[in-house]
Amino acid sequence: MHGNGGHGRVHPAASSSDFSGEMNQSVSAPSSDPSSSPLYSFHFEKPVPPPPPPPKAAQPGEYVVQVPKDKVFRVPPPENARLFEHYTRRAKRRRRCSCARVCACLLAALLTLAVLLAAAAGVAYLVLRPKRPAYAVQALAVSGLAGVGNASSTPATAAFSPGFAATVRADNPNGRIGVHYDGEKSLVSVSYDGVLLAGGAWPAFYQGPRNVTVFVAKAKGSGIRFSESVRGQMAAAERLRSVPFDVDVEVPVRLRIGRVRTWAVPARARCAVVVDRLAADAKVVSASCHVKVRFLSWRN
């Protein structure tokens, strides 16, 4: 085999010896750390993710919207919706309970206030013993009705302008209560057999406790036409020297107890007055008045 001249020499022993040597070495001298052998040498590297695909080109008539990653929100699970509904119902129940509690407190406060006011009114009634004011018509001057019963002197279609001046005596019998009369909102009317003849106002003044005040209340009418029957009745009553009139009074009053004044309450009076003739110097034949005041419980 020398004819190869050394160019084609093969050394299987060397290659095999190297491999076998390594194998023999590894077998004959086993190491406590298997990873130290070349046969057990591994390199663990994190795989590189593939690059993201390029964005799809927008087709004609389409739009591509790119949203940053930090702006993308995930869809909450269904449990969150159930929890939200549960807490919402509980909040509504709490609000209803709070409203009911507030209403109950307000109702209790109003009832307490009503009881206190009723108790105070009862004590005031027992202590003050309020009484109704008394009124009496002492005189009633009549004008503008002369000749109403004389058909020969005045035609049947004639219009009259009657006038009345009533002298009234007001008596306040209360020892601790004063009375304020509001004349601006008062009304005094005079009628005959249901026919309104004139209207006027009650004067405004203050009447102290146990005080008697005499004043004049005036009423005026115009364009009053009487039927033949009414004119005949008035003429017959004047001949009998007994002409009846109705005087109605409605005036707001405020009671004063010491320095305290109450709210305004309506005082109404209806007086039946009979005079002897239809003249300014007419005399009162009879008069009676009925008074009604809606404040506590007035006594006569």
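Since this is a predicted model, take the numbers as computed values, not measurements.

Just checking my understanding: could you explain the overall build of the protein for this structure?
If you tally the helices and strands in the protein, you get three helices and eleven strands. Beginning at the N terminus, the succession of helices and strands in the protein can be written as α-α-β-β-β-β-β-β-β-α-β-β-β-β. Here the protein holds 300 residues, and 25% of them are scored as buried. Accessible surface, the protein as shown: approximately 21300 Å² in total, 60% of it carbon and sulfur.

I keep staring at a positive patch on the surface and nothing clicks. Help me out?
Taken together, the side chains of Lys185, Arg254, Arg256, Arg259 and Arg261 define a basic patch exposed on the protein surface. Tracing the sequence through the fold places Arg259 in the loop between β8 (243–257) and β9 (260–261). Residue classification places Arg259 among the exposed residues on the basis of a relative accessible area of 83%.

Explain the environment of Leu145 here, please?
In this fold, Leu145 is placed in the loop between β1 (134–143) and β2 (163–172). Looking at Leu145, the relative accessible area reads 1%, which means it is buried. Residues within four places of Leu145 in sequence aside, it is in contact with Phe160, Pro162, Phe164, Phe226, Met234 and Leu278.

What is the right way to look at a nonpolar patch on the surface in this model?
The grouping of Val123, Leu126 and Val127 at the surface amounts to a nonpolar patch, some 290 Å² of accessible area in total. Inspection of the secondary structure assignment puts Val127 in helix α2 (residues 78–128).

How should I be thinking about the pairing of β2 in this particular structure?
Regular strands place their side chains on alternate faces of the sheet. Both β1 and β2 contribute to a ladder of nine bridges, which runs antiparallel. Across the sheet, Ala136 pairs through a bridge with Arg169, a residue of β2. Bridging between β2 and strand β7 (residues 211–220) involves ten bridges; their strand directions are antiparallel. Looking across to β7, one finds that Thr167 is bridged to Val216.

Hey, could you run me through the pattern of salt bridges in this one?
Any two side chains of opposite charge can pair, so long as their charged atoms come close to each other. What the rule picks out here adds up to six salt bridges. Between Arg241 and Asp276 there is a salt bridge whose closest N-O contact spans 3.3 Å. Note that Arg241 is positioned in the loop between α3 (228–239) and β8 and Asp276 in the loop between β10 (265–275) and β11 (284–293), a separation of 35 residues in sequence. The closest approach of N and O atoms between Asp248 and Arg270, which form a salt bridge, is 2.6 Å. With Asp248 in strand β8 and Arg270 in strand β10, this residue pair connects regions lying 22 residues apart in the sequence. Classification of Arg270 by relative accessible area gives partly exposed; the value is 45%. One connected set of salt bridges, linked through shared partners, spans Arg241, Asp276, Arg277 and Asp281.

Please clarify how the nonpolar core should be interpreted in this entry.
Buried together is how nonpolar side chains tend to be arranged in soluble globular proteins. Formed by 47 residues in total, the largest nonpolar core has its most connected members in Phe164, Trp202, Phe226 and Phe245. It is β8 that contributes the most residues to this core, seven residues altogether. Sequence-distant contacts of Phe226, that is, excluding residues within four places in its chain, are made with Leu145, Val148, Ala156, Phe160, Leu197, Arg231 and Met234.

So what exactly am I meant to see when it comes to empty space enclosed by the protein here?
It is the rolling of a water-molecule-sized probe over the atoms that shows where space remains empty. Per the stated rule, a full pass over the model turns up three cavities of 30 Å³ or more. Taken as a whole, the largest cavity spans an internal volume of roughly 70 Å³. Taken together, Tyr135, Val137, Ala166, Val168, Val188, Trp202, Ala217, Val247, Val249, Ala269 and Cys271 make up the lining of the largest cavity. Looking at the lining of the largest cavity, the elements with two or more residues in it are β1, β2, β8 and β10. Here the lining of the largest cavity is composed, by residue class, of eleven nonpolar, no polar and no charged.

Would you mind showing me how to read the pairing of β10 here?
For β8 and β10, the ladder comprises eleven bridges, and the chain directions are antiparallel. Considered in β10, the bridge of Val251 is made with Ala267.

Is there a simple way to explain the confidence of the model for the protein in this structure?
Fine structural detail should not be taken from predicted coordinates in areas where pLDDT scores are low. Looking at the protein, pLDDT values average 78 and 67% of them are 70 or higher. Contacts of residues 1–31 to residues separated by more than four positions or lying in other chains number seven contacts, the stretch itself having pLDDT below 50.

Honestly, the UniProt feature "transmembrane region" (unreviewed entry) in the protein in this entry has me stumped. Any pointers?
If you check UniProt for "transmembrane region" (unreviewed entry), the listed places come out as residues 99–128 in our numbering. Secondary structure over residues 99–128 splits into 100% helix and 0% strand, and the C-alpha atoms at its two ends are 42 Å apart.

How each quantity is defined
Residues numbered from 1 in each chain as written. Predicted model: local features only at pLDDT ≥ 70, side-chain atom pairs only at ≥ 80, totals over all residues. Heavy atoms only, no water. Helix = DSSP H or I, 4+ residues; strand = E, 2+ residues; numbered from the N terminus. Buried < 20%, exposed > 50% of the residue type's maximum accessible area, 1.4 Å probe, protein only. Areas by Shrake-Rupley, 256 points an atom, 1.4 Å probe, with all protein chains shown as cover. Patch = residues over 30% accessible without salt bridge, like charges linked within 9 Å, V, L, I, M, F, W, Y side chains within 5 Å. Salt bridge = Lys/Arg side-chain N within 4 Å of Asp/Glu carboxyl O. Lys, Arg positive; Asp, Glu negative; His and termini not counted. Charge placed at Lys NZ, Arg CZ, Asp CG, Glu CD. Contact = heavy atoms within 4.5 Å. Pairing = 2+ DSSP bridges. Core = buried A, V, L, I, M, F, W, Y, C linked by side-chain atoms within 4.5 Å. 1 Å grid on protein atoms, 1.4 Å probe; cavity = no way out; pocket = protein on both sides within 12 Å on 5 of 7 lines; lining within 4 Å. Points joined across faces, edges and corners; volume = space filled by probe spheres on them. Nonpolar A, V, L, I, M, F, W, Y, C, P; charged D, E, K, R; others polar. pLDDT = per-residue confidence, 0-100. UniProt positions renumbered as here; feature names shortened; annotations may be inferred.

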